[in-house]
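The residues making up each chain are set out below.
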Amino acid sequence: MQGSLNKNTILPTRSIDPVIRRRLHISGRVQGVGFRPFVYRLAKEMQIGGSVWNDAAGVVVEAQGTARQLDEFVAALRTDAPAAAAVREIIEKEITPYPNDGRFEIQHSLRATTPTAEVTADLAICDACLAEIRDPANARRYRYALTNCTNCGPRFSIIRSIPYDRPRTTMAPFAMCRPCRDEYEDPADRRFHAQPTACRDCGPQMELLDPKGSPIAGEPIEGAVQRLADGKIVAIKGIGGFHLAVRADDQAAVLRLRKLKHRPAKPFAVMCPSLQGVRRLVRLTPRGEKLIASSAAPIVLARRNPKAAVADAVAPGNHRLGVMLAYTPLHHLIFDEARKFGIESLVMTSGNDLDEPLVFENDDAIDRLGDLCDAILRHNRPIQRAVDDSVLIDTAFAPIFVRRSRGFAPAPIVLPEACDATPGWAVGAELKCAVATYRDCQVILSQHLGNLTQSRTFDAFKRTISDLCELFGIVPHWIAHDLHPGYLSTQHARHLAEQQGLPLIAVQHHHAHAAAVLAEHGLTGPALAVVCDGTGYGTDGSIWGGELLAVELTDFRRIGRMRPMPLPGGDAAARQPWRSALALLFLAHGRDFVKLPICRQLTSDPQIQFVSQMLLTGTNCIQSSSTGRVFDAVAALLGLCRENRFDAEAPATLETAAAQCKRLSHNLDDSYGLGDAEGLIEIDLSPLVRRIVRRAQQGVAADDLAMLFHETLAAAWEAAVAKAAQSTGLNTIALSGGVFCNELFGDLLETRLQRRGLRVLRHRQIPPNDGGIAFGQAAVAAARISKGLCKP
Ligand SMILES: [Zn+2]
Ligand SMILES: [Zn+2]
């Protein structure tokens, strides 16, 4: 209760400046980030009375003082907020002041009506904790690898259920020691209500094991670093799972990791201890630097420095390098030790074999990683669910999400008000899968799950759906899925729907992509959309992938496409770009294409004969308007990539080649055709293919031709969009699909469309690839239900 002195009567100034009270609703990332203790300290400092608590939407403050005091207080809430917080909005409302309310209190959280505000993403270590683990005078936390506070540490990866409280996290078995308990209960302390807080005396401990699981004597971190220094592979437990680590400057060690992990070519990410270290490896934009140093601490792909001290085998033949900063205390302690051996960066790749899901449990680490490493560095703080590192590309325009996972999931993404519907699920696509739950105009997009055709990943997919529903208390009324009847996600949706008596809502693949962009920007359409990706099931049963749509959240109309090409051998064409190359030559040159000398550079004579028979007779060929296959084909024609050893390797080689080329102002008008087929605007790249074949024979460099391809494709789409904009009157263009992970093509097209005065929308919060499909499905389904177009 308030003390006996009444300041109002003592201080005469109060009669001039009357005391008022305001209720502040603060939204944004304000829970689980030390926001309430911050408000408490600020209020004390500024002598403001009132209280603070969490509610469903964020944080609520009641503040009492003079108008001037309150104005300053509100301003400081924005400017001085903890590093991990992000204040989106403060809504102020004046309410009746309490008599004599000089004391400020933190109230217990009211049980949130929607728990989305409570479960926040995992956070990178903060500066204060980093200083503590390096301070020899700090007996309890010096070199303690699991240090954290309200501003940093694990969240999503340790929460078992809500409300977010220690007994409902994986830290439950660790009883706090007296000093930790004191910190936890002191509103003025940085660790006030820090659920995962711990110290050397009471918290989880590190251990180093051999690959069979037997403990290795000695200090665990020193032992691990000694092995890394010797070029050995060490499995290291992080926030959301295990990494496999090896020196990034040791070619033989990196090659050995590739062999053991069955990953011959796909680039590895590299971790550095500091921003200075990162700058030595890659060239980041100022925005990219902010991103990599943010509390999400993602992997950022940026143009590599030619003198970067990393082995060629880390990212062979790629103009970019994926880099991240050390984001746990353990990472920093490893680098502090590694510096003694001159190690400045480490390859840190997901702890798994090839396409399997990330290993995150201690026992699993021995079973599944034992054969891939020489030692295992782990601790006994359990991880509740696997959360991979997030990946973004740093570009001149805005970062592009390649994978949205740790540090971002499960932050809700808000949909337009027109998406007000009953709660439900969306199961996503099949590759790069993520699932989503919907409730109250908010979508929770899950962490990255991966390729569902891998049986362990499919199991993780099934677990994640029920996990998210339990965590966020969602009882689904509907299930949204892809139109493709063969996707494992579709089949599972059918199974669940039958089991639980729920209606299914099918969403066409490219509609989901396009709708996702609109919804992310708070729009419902109508708009035009260019969706370029690998493959997706069309409404006519054929395979789409280069689509021009007139789109609303609820529905779409196809108005243009890439000219379909036959894919000889169907799925085999996705693995073997030379097949698509032969198909493009067939379209461009007709039946005699086999006589072109360039065919001999693609593959062997018997294979040319075999595939040309398929093309000439149409047997075993799938017609597809895929853009991804065109990238494959051109990469093969230019001799850059004949086989895809990992997803989208050929398109990556094509972009890397083009990035080496100085921008040329080609005359592009003759390089593509814009036709009309079955009432659709159709882009025909046959003139470009003939031009590339001719120029390649004349000895023009592959880099220049790769740039010609990118520029032509952008010019062709610009022309198609211009035509559609004129006929429909729509001048907002959404760009989506996996091909928009290609920075060069995306930027070329965006620039061209903007120059025409068109409004261009691109993804900012989710990936343009299939990792964003579940979000789009949820938006479409909710919009349809909201409009009464389907009944949940
Ligand atoms: Zn901290
Ligand atoms: Zn303790």
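Our structure's up above, just so we're on the same page.
Note that this is a predicted model, so its numbers are computed, not measured. (Residues numbered from 1 in each chain as written. Chains lettered and ligands numbered in written order. Predicted model: local features only at pLDDT ≥ 70, side-chain atom pairs only at ≥ 80, totals over all residues. Heavy atoms only, no water.)

Considering the coordination of the zinc ion (ligand 2)
For step 1, the next point in the chain: Surrounding the zinc ion (ligand 2) are the protein donor atoms C177 (SG), C180 (SG), C199 (SG) and C202 (SG), which sit 2.2 to 2.3 Å from the metal.
For step 2, the next point in the chain: Around the zinc ion (ligand 2), the four donor atoms are arranged such that angles at the metal cover 105 to 117°; this shape is classified as tetrahedral.
For step 3, the next point in the chain: The sequence pattern formed by the donor residues of the zinc ion (ligand 2) is C-x2-C-x18-C-x2-C. Residue C177 is found in the loop between helix 5 (127-133) and helix 6 (178-185), and its partner C199 is found in the loop between helix 6 and strand 6 (206-209); the two are separated by 22 residues along the sequence. Side by side, C177 and C199 carry an identical accessibility label, which is buried. (Donors = N, O, S within 2.8 Å, 3.2 Å for Na, K, Ca; no water. Tetrahedral: all angles 85-135°; square planar, octahedral: opposite > 155°, others 65-115°. Helix = DSSP H or I, 4+ residues; strand = E, 2+ residues; numbered from the N terminus. Buried < 20%, exposed > 50% of the residue type's maximum accessible area, 1.4 Å probe, protein only.)

Comments concerning the coordination of the zinc ion (ligand 1)
For step 1, the next point in the chain: Protein-derived ligands of the zinc ion (ligand 1) are C126 (SG), C129 (SG), C149 (SG) and C152 (SG), with the metal-ligand distances lying across 2.2 to 2.3 Å.
For step 2, the next point in the chain: Each of the four donor atoms bound to the zinc ion (ligand 1) contributes to angles spanning 103 to 117°, and the resulting shape is tetrahedral.
For step 3, the next point in the chain: Within one chain, the residues donating to the zinc ion (ligand 1) are spaced in sequence as C-x2-C-x19-C-x2-C. Of this pair, C126 sits in the loop between strand 5 (104-106) and helix 5 while C149 sits in the loop between helix 5 and helix 6; the two residues are 23 residues apart in sequence, bridging distant segments of the chain.

So, the sheet that holds strand 1 (residues 19-29)
For step 1, the next point in the chain: Spatially, the five strands line up as an open sheet ordered 4-1-3-2-5, and their pairing is mixed. Two strands in the sheet have a free side with no partner beyond their single neighbour: strand 4 (86-95) and strand 5. Averaged over all pairs of adjacent strands, the angle between strand axes in this sheet comes to 20°, irrespective of strand direction.
For step 2, the next point in the chain: In the packing of helix 3 (residues 35-45) onto the sheet, contacts are made with strand 1, strand 2 (49-55), strand 3 (58-66), strand 4 and strand 5, and the angle to strand 5 comes to roughly 170°. (Pairing = 2+ DSSP bridges. Axes fitted to C-alpha atoms, helices over the stretch in contact; angles between N-to-C directions. Contact = heavy atoms within 4.5 Å.)

With respect to the pattern of salt bridges
For step 1, the next point in the chain: Overall, the coordinates contain 44 salt bridges when judged by the stated rule.
For step 2, the next point in the chain: E655 is the partner of R320 in a salt bridge, and the nearest nitrogen-oxygen pair spans 3.0 Å. Separated by 335 residues along the polypeptide, R320 in strand 12 (residues 320-325) and E655 in helix 21 (residues 649-659) bring together distant segments of the chain. Judged on exposure class, the residue R320 and its partner E655 are both buried.
For step 3, the next point in the chain: Between E750 and R762 there is a salt bridge, and its shortest N-O distance comes to 2.7 Å. You can see E750 sitting in helix 24 (residues 743-755) and its partner R762 sitting in the loop between strand 31 (759-761) and helix 25 (773-786), a full twelve residues away along the chain.
For step 4, the next point in the chain: Take R762: its relative accessible area is 6%, and that puts it in the buried class.
For step 5, the next point in the chain: By sharing partners, the salt bridges in this structure join E356, D364, R368 and R456 into a single network. (Salt bridge = Lys/Arg side-chain N within 4 Å of Asp/Glu carboxyl O.)

What to know about the packing of aromatic side chains
For step 1, the next point in the chain: Under the definition given, this model contains nine aromatic pairs.
For step 2, the next point in the chain: Ring plane angle 85° and centroid distance 4.9 Å describe the contact between F401 and F408, whose orientation is recorded as edge-to-face.
For step 3, the next point in the chain: Exposure remark for F401: the relative accessible area of 6% places this residue in the buried category.
For step 4, the next point in the chain: Site record: aromatic cluster; members linked through ring pairs are F631, F709, F740 and F745.
For step 5, the next point in the chain: Over the face of the ring belonging to F268 we find R258, whose NZ or CZ atom lies 4.1 Å from the ring centre.
For step 6, the next point in the chain: Here R406 stacks its cationic end above the ring of Y327, 3.5 Å away from the centre of that ring. (Phe/Tyr/Trp six-rings, centres within 6.5 Å; stacked < 30°, edge-to-face > 60°. Lys NZ or Arg CZ within 6 Å of the ring centre and 35° of its normal.)

Looking at unusual backbone geometry
For step 1, the next point in the chain: Cis rather than trans, the peptide bond between A409 and P410 has omega equal to 5°.
For step 2, the next point in the chain: In this structure, P410 sits in the loop between strand 16 (400-403) and strand 17 (413-414).
For step 3, the next point in the chain: One non-glycine residue, Q47, lies in the positive phi region at around 55°.
For step 4, the next point in the chain: Here Q47 shows up in the loop between helix 3 and strand 2.
For step 5, the next point in the chain: Its identity is not glycine, yet K432 carries a phi of approximately 50°, on the positive side.

Examining the packing of helix 15 (residues 509-520) against helix 25
For step 1, the next point in the chain: Between helix 15 and helix 25, the shortest axis-to-axis distance is 7 Å and the interhelical angle comes to 80°. Relative to helix 25, the element helix 15 lies roughly perpendicular. For the pair formed by helix 15 and helix 25, the contact residues are H509, H511, A512, H513, A515, A516, A519 and E520 on the first element and I773, F775, G776, Q777, A779, V780 and R784 on the second. (Parallel < 35°, antiparallel > 145°, perpendicular 65-115°, else oblique.)

Some thoughts on the sheet that holds strand 21 (residues 479-482)
For step 1, the next point in the chain: Spatially, 17-20-19-18-21-22 is the arrangement adopted by the six strands of the open sheet, whose pairing is mixed. This sheet does not close on itself; its edge strands, each paired only once, are strand 17 and strand 22 (504-507).
For step 2, the next point in the chain: Relative to strand 19 (residues 436-439), strand 18 (residues 424-426) is paired through three bridges, and the arrangement is antiparallel. Paired with G424 across the bridge in strand 19 is Y438.
For step 3, the next point in the chain: Sitting on the sheet, helix 14 (residues 488-500) touches strand 18, strand 21 and strand 22, and the angle it makes with strand 21 is about 155°.

Considerations on the side chain of Q64
For step 1, the next point in the chain: Mapped onto the elements, Q64 comes out in strand 3.
For step 2, the next point in the chain: What makes Q64 buried here is its relative accessible area of 5%.
For step 3, the next point in the chain: At a separation of 2.7 Å, a polar atom in the side chain of Q64 contacts the side chain of R21.
For step 4, the next point in the chain: Q64 has contacts with V19, I20, R21, I48, G49, L70, P97, Y98 and D101, leaving out every residue within four places of it along the chain. (Polar contact = N/O pair within 3.5 Å; in protein donor to acceptor, adjacent residues only side chain to side chain.)

A few points about the state of the cysteines
For step 1, the next point in the chain: Counting across every chain of the model gives zero disulfides.
For step 2, the next point in the chain: C433 carries a free sulfur, and the closest cysteine sulfur to it, the one in C469, is 14 Å from it. (Disulfide = S-S within 2.5 Å.)

Comments concerning helix 4 (residues 67-79)
Structurally, the α-helix is built with 3.6 residues per turn, so residues lying three or four positions apart point the same way.
For step 1, the next point in the chain: In this model, helix 4 (13 residues) spans 18 Å end to end at C-alpha, consistent with the 18 Å of a helix rising 1.5 Å per residue.
For step 2, the next point in the chain: Inspection of helix 4 places Q69, L70, F73, V74, A76 and L77 among the buried residues, and these make up the whole buried set. Along the long axis of helix 4, the arc covered by the buried residues comes to 160°, so they all point the same way. Those residues of helix 4 that are exposed and angled more than 90 degrees off the buried face are R68 and T79. (Expected span 1.5 Å × (residues − 1). Arc of directions from axis to C-beta.)

Observations concerning the nonpolar core
For step 1, the next point in the chain: Counting residues in hydrophobic clusters, the biggest one holds 78 residues, and the most contacted among them are V530, L585 and W717.
For step 2, the next point in the chain: Among the elements that take part in this core, helix 23 (residues 702-728) stands out by supplying 15 residues, more than any other.
For step 3, the next point in the chain: The residues touching V530, leaving out its near neighbours within four places in the chain, are E547, L548, W717, V721, I733, A734, L735, S736, F740 and L749.
For step 4, the next point in the chain: By size, the runner-up hydrophobic cluster in this structure holds 45 residues, among which are Y487, A514, A516 and A529. (Core = buried A, V, L, I, M, F, W, Y, C linked by side-chain atoms within 4.5 Å.)

Quick look at the environment of E94
For step 1, the next point in the chain: Summarising the element assignment, E94 is placed in strand 4.
For step 2, the next point in the chain: Here the alpha-carbon distance between E94 and A650, two residues 556 residues apart in the chain, equals 60 Å.
For step 3, the next point in the chain: Excluding residues within four positions of it along the chain, E94 makes contact with I20, R21 and R22.

Digging into helix 24
For step 1, the next point in the chain: When the terminal C-alpha atoms of helix 24 are compared, their 18 Å separation across 13 residues agrees well with the 18 Å that a helix rising 1.5 Å per residue should span.
For step 2, the next point in the chain: Counting buried residues in helix 24 gives ten out of 13 residues, a clear majority hidden from the surface.
For step 3, the next point in the chain: When helix 24 is considered as a whole, its buried residues turn out to be E743, L744, F745, G746, D747, L748, L749, E750, R752 and L753.

A short note on the pairing of strand 23 (residues 527-537)
For step 1, the next point in the chain: Counting buried positions along strand 23 yields eight of eleven residues, so the element is predominantly enclosed.
For step 2, the next point in the chain: Connecting strand 23 to the antiparallel partner strand 24 (residues 543-551) that follows it, the hairpin turn spans five residues, and G541 within it adopts a positive phi of roughly 85°.
For step 3, the next point in the chain: Pairing analysis gives four bridges linking strand 23 to strand 30 (residues 732-736), with the strands arranged parallel. Within strand 30, the position partnered with L528 by the bridge is I733.

What about the environment of D388?
For step 1, the next point in the chain: Among the secondary structure elements, D388 is positioned in the loop between strand 14 (375-379) and strand 15 (391-393).
For step 2, the next point in the chain: Owing to a relative accessible area of 9%, D388 belongs among the buried residues under this scheme.
For step 3, the next point in the chain: D388 sits 147 residues away from T535 along the chain, and the two C-alpha atoms are 25 Å apart.
For step 4, the next point in the chain: Discounting residues that sit within four places of it in the chain, D388 has contacts with S350, L358, R403, S405, R406 and H448.

Interpretation note: all reported values are geometric properties and have no functional meaning in isolation.
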